[in-house]
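Each chain is listed here by its residues.
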Amino acid sequence: MSALSEVFDRCRAEGRAALVGYLPAGFPDLETSLAAVRVLAEAGADVVEVGVPYTDPLMDGPVIERAASRALAGGFRLPQVFDLVRAVREAGAVPVVMSYWNPVLHYGPERFAADLAAAGGAGMITPDLVPDEADAWLEAARAHDLDPVFLVAPSSTDARLRSTTQACRGFVYVASTMGVTGTRTTVGGSAATLVERVRAVTDLPLCVGLGVSDGAQAAEVAAFADGVIVGSALVRAVDEDPTLEGLRAVTADLAAGVRR
Amino acid sequence: MSGPTAEPRPGRFGAFGGRYVPEALVAALEELEEAWHEAMADPDFVAELDRLQRDYTGRPNPLTEVPRFAEHAGGARVFLKREDLNHTGSHKINNVLGQALLTVRMGKTRVIAETGAGQHGVATATAAALLGLDCTVYMGEVDTRRQALNVARMRLLGAEVVPVATGSATLKDAINEAMRDWVTTVERTHYLLGTVTGPHPFPTMVRDFHAVIGREAREQLLERTGRLPDAVCACVGGGSNAMGIFHPFRDDEQVRLLGFEAGGDGVASGRHASRFSGGEPGVLHGAASYVLQDEDGQTLPTHSISAGLDYPSVGPEHAFLHDSGRATYAPVTDTEAMEAFALLSRTEGIIPAIESAHALAGAVRVGRELAEAAGGAFAADDPDRPVILVNLSGRGDKDVDTAARWFGLVDGEDLVEAEALKAAEPVAEAEGSGW
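This part covers the overall build of chain B. The secondary structure content of chain B amounts to 15 helices and 14 strands. Here the C-alpha radius of gyration of chain B, 20 Å, is about what a compact globule of 435 residues would show, namely 22 Å. In terms of overall dimensions, chain B has a C-alpha envelope of 60 × 55 × 45 Å along the principal axes. Taken across its 435 residues, chain B has 63% of its residues classed as buried. For chain B, the share of sequence-separated contacts (at least 6 apart) that also reach a separation of at least 24 residues comes to 75%. Carbon together with sulfur atoms contributes 50% to the accessible area of chain B, which is approximately 15,100 Å² in total. In chain B, which carries 39 positive and 63 negative side-chain charges, the distance between the mean positions of the two groups comes to 3 Å.

This next bit is on the packing of helix α10 (residues 215-222) of chain A against helix α12 (residues 245-258) of chain A. Residues and elements named next belong to chain A. Contact pair α10 / α12: the axes reach a minimum separation of 7 Å and the direction vectors enclose 30°. Classified by the angle between their axes, α10 and α12 sit roughly parallel to one another. Seen from above, α10 lies across α12 with right-handed handedness. Of the residues in α12, those in contact with Gly215, Ala218, Ala219 and Ala222 of α10 are Asp253, Leu254, Gly257 and Val258.

Listed as interface residues are 34 residues of chain A and, on the opposing side, 33 residues of chain B. Taken together, both faces of the contact between chain A and chain B bury some 2,800 Å²; the carbon and sulfur share is 50%. Our enumeration of links across chain A and chain B arrives at 6 salt bridges. Arg77(A) is the partner of Glu295(B) in a salt bridge, and the nearest nitrogen-oxygen pair spans 3.9 Å. At the junction of chain A and chain B, the tally comes to 22 residue pairs in polar contact (both at pLDDT 80 or more). Taken together, the elements giving at least two residues each to the side of chain A that touches chain B come down to α3 (62-73), α5 (101-107), β6 (151-152) and α8 (158-167) of chain A. Residue contributions to the side of chain A that touches chain B peak at 5 residues, all from α5(A).

Residues and elements named next belong to chain B. As for its position among the elements, Asp134 is in strand β6 (residues 134-140). The partly exposed category is assigned to Asp134, whose relative accessible area is 45%. Not counting residues within four places of it along the chain, the set of residues in contact with Asp134 comprises Thr109, Arg110, Val111 and Arg188.

Moving on, we get to the domain arrangement of chain B. How big an interface is tends to be stated in terms of accessible area lost as the parts join. All names here are of chain B. For chain B, the domain assignment lists domain 1 (19-56 + 92-202) and domain 2 (60-89 + 210-429). The distance between the C-alpha centroids of domain 1 and domain 2 comes to 25 Å. Considering only the side of domain 1, the residues that lose the most area to domain 2 are Tyr20, Arg146 and Val196, jointly responsible for 22% of the buried surface there. Counting across the interface, domain 1 meets domain 2 through 11 residue pairs in polar contact (both at pLDDT 80 or more).

The subject of this paragraph is the pairing of strand β3 (residues 94-98) of chain A. Residues and elements named next belong to chain A. Burial of β3 is extensive: 5 of the 5 residues sit out of reach of the surface. As defined by bridge partners, β3 adjoins strand β4 (residues 123-125) across 3 bridges and the pair is classed as parallel. Pairing of Val96 across the sheet is with Gly123, part of β4.

Moving on to helix α14 (residues 354-373) of chain B. Along an α-helix, residues three or four positions apart point the same way, because every turn accommodates 3.6 residues. All names here are of chain B. Between its first and last C-alpha, α14 extends 29 Å over 20 residues, near the 28 Å set by a 1.5 Å rise per residue. Taken across its 20 residues, α14 has 16 buried, putting it largely inside the fold. Looking one or two places after α14, you find Gly375, whose phi comes out positive at around 90°.

All names here are of chain B. The parallel open sheet is built from 4 strands, whose spatial order is β7-β6-β5-β8. What marks the edges here is a single partner per strand, and that holds for β7 (160-164) and β8 (189-191). Sheet twist, expressed as the average angle between the axes of neighbouring strands with direction ignored, equals 20°. The pairing of strand β5 (residues 110-115) with β8 spans 3 bridges and is classified as parallel. Bridging from a neighbouring strand, Ile112 pairs with Tyr191 of β8.

Basis of the calculations
- Residues numbered from 1 in each chain as written.
- Chains lettered and ligands numbered in written order.
- Predicted model: local features only at pLDDT ≥ 70, side-chain atom pairs only at ≥ 80, totals over all residues.
- Heavy atoms only, no water.
- Helix = DSSP H or I, 4+ residues; strand = E, 2+ residues; numbered from the N terminus.
- Rg over C-alpha atoms; globule rule 2.2 N^0.38 Å.
- Buried < 20%, exposed > 50% of the residue type's maximum accessible area, 1.4 Å probe, protein only.
- Contact = heavy atoms within 4.5 Å.
- Areas by Shrake-Rupley, 256 points an atom, 1.4 Å probe, with all protein chains shown as cover.
- Lys, Arg positive; Asp, Glu negative; His and termini not counted.
- Charge placed at Lys NZ, Arg CZ, Asp CG, Glu CD.
- Axes fitted to C-alpha atoms, helices over the stretch in contact; angles between N-to-C directions.
- Parallel < 35°, antiparallel > 145°, perpendicular 65-115°, else oblique.
- Left-handed = near helix turned anticlockwise from the far one by under 90°.
- Buried area = accessible area lost by both parts, 1.4 Å probe.
- Salt bridge = Lys/Arg side-chain N within 4 Å of Asp/Glu carboxyl O.
- Polar contact = N/O pair within 3.5 Å; in protein donor to acceptor, adjacent residues only side chain to side chain.
- Domains from an automatic or database assignment.
- Pairing = 2+ DSSP bridges.
- Expected span 1.5 Å × (residues − 1).

Dropping the structure here:
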């Protein structure tokens, strides 16, 4: 059983949703990002998504886009992502990587999978790689017992929901709305509708992302999803308070939200 | 004998192409692909597009022989396909009209576009005005400054122009921003992508809308000379004008297909946009192709005096043509392009777009190489002189400010006094191979 399956089973046994937190590697610098993922894990994130900064993050809104630019300007190098994965693992949460495809393709999918597995990573989320184009990654992930996590969206047809979830392991990333990452005042009913559609085609845990920023929203999503994904709100907390106390507080609020 | 098989499956050109996009966009791409296939099989759609190309764009545009220019190209015969004479001033309108009609057919009310030099943005704003569509154009902030005239044109046509300040603030960042808009508004918005890059079906669809360039040129040249060209020259940014003129010649094996990329300050300087000299296979903006990237797969900044060629990747079919050897690609520096820009202006009274000037510089280089191989410049009465076809993809009105600065004309100097005159020396007297 994979580390992701275990964590979702445990949360289900506790009668709650999992909290999945995203932070980009190297933001605002490598040391702070290492400390930040530890805080995230300690303050209640069950799964930590370590984001790979990329020059052309076309699925990301301004908060994460700027964070990625700063990480790259600060000298982020790809292998540093494995240091963060190790830090998450040591802090007791389950690490996954989220990366656009070209950095992984250039590193070599097989080599990336080997290094990610060696660092204790559980899988990878690929925002611009759909299963149709993922043969090389699926093979590498299988060889190293990593869970490939793909996204589904409100625009996905039922046929695509079926084929995409069949390629997923660990969990399915359910994009709640049509759009890029960033906080929203309401997460909206489209997420619940989509979760219902996806439940009809898979038994995998369903994590909802795009737009959640506080405990109240987390509780709302936790009512119908197996996991709540939070990104931009955490990035903003790191940006606004380099002591990371703000991050700790936001994470604790979200962790309480998924338990409500 | 036919050329290499370019498409083993839809959207793939050998190892290149594909659909590397967020899942949220897949449905829209499938809808587009279906609408495009249906439209092209619908005689009414085809007739409407033909009518617009004739009555609105002004097709067929002329094929112009340029003998005074050709004296500098080893005496080869040089013909220009005059896409610069299209309405809006470049080849871009060919694809834009096709996709704009598709937008209406799909029941969408808004188009968005990216633009580098502004030519695609102007063409899109034009078609939007013609068909009553809302229009937003994303343009890198750097490009809005160097192509200010086109920004004003788009706004006059009723489009909203959004300067993009993220990343390198050029064409690639404008594409990122257009993608972000599209993923949010896809229900009522069509992304009218302006070149042969991006996810399937864009590379194939945009090529097919531009193939009219090569079909007309091939027919006109056969009629005029009774033969096919020895070489076809085109500039390659994303590569739409080049695919448009190359495609109808793909099975004519004796015709060399030559693409000229932005060499900027020279490939060795690192300040360029020569994907086939400095790039390697990767994925950018939805397609696998050649990409200028660092050792971590991060996209590298590019440089070119020409905003329209300043892009770190290239259409996937060009990558395929490169690897298969059917087409050859070479860099042309800013300096070489500007010399050709001045040369065509002064010898033929045609001011080209700086993008197209890269193809002209390439034609001069090729003509001189052919002459050298034949033991000297070709005589004007030599019936076997080689024939070079150049896609003059756009006109230079938008570039007058850049050119005036480059040649030092802003203080009222004469071009005659400027450095550019050296470029106008006939080949016999030219020193070295500055081309």
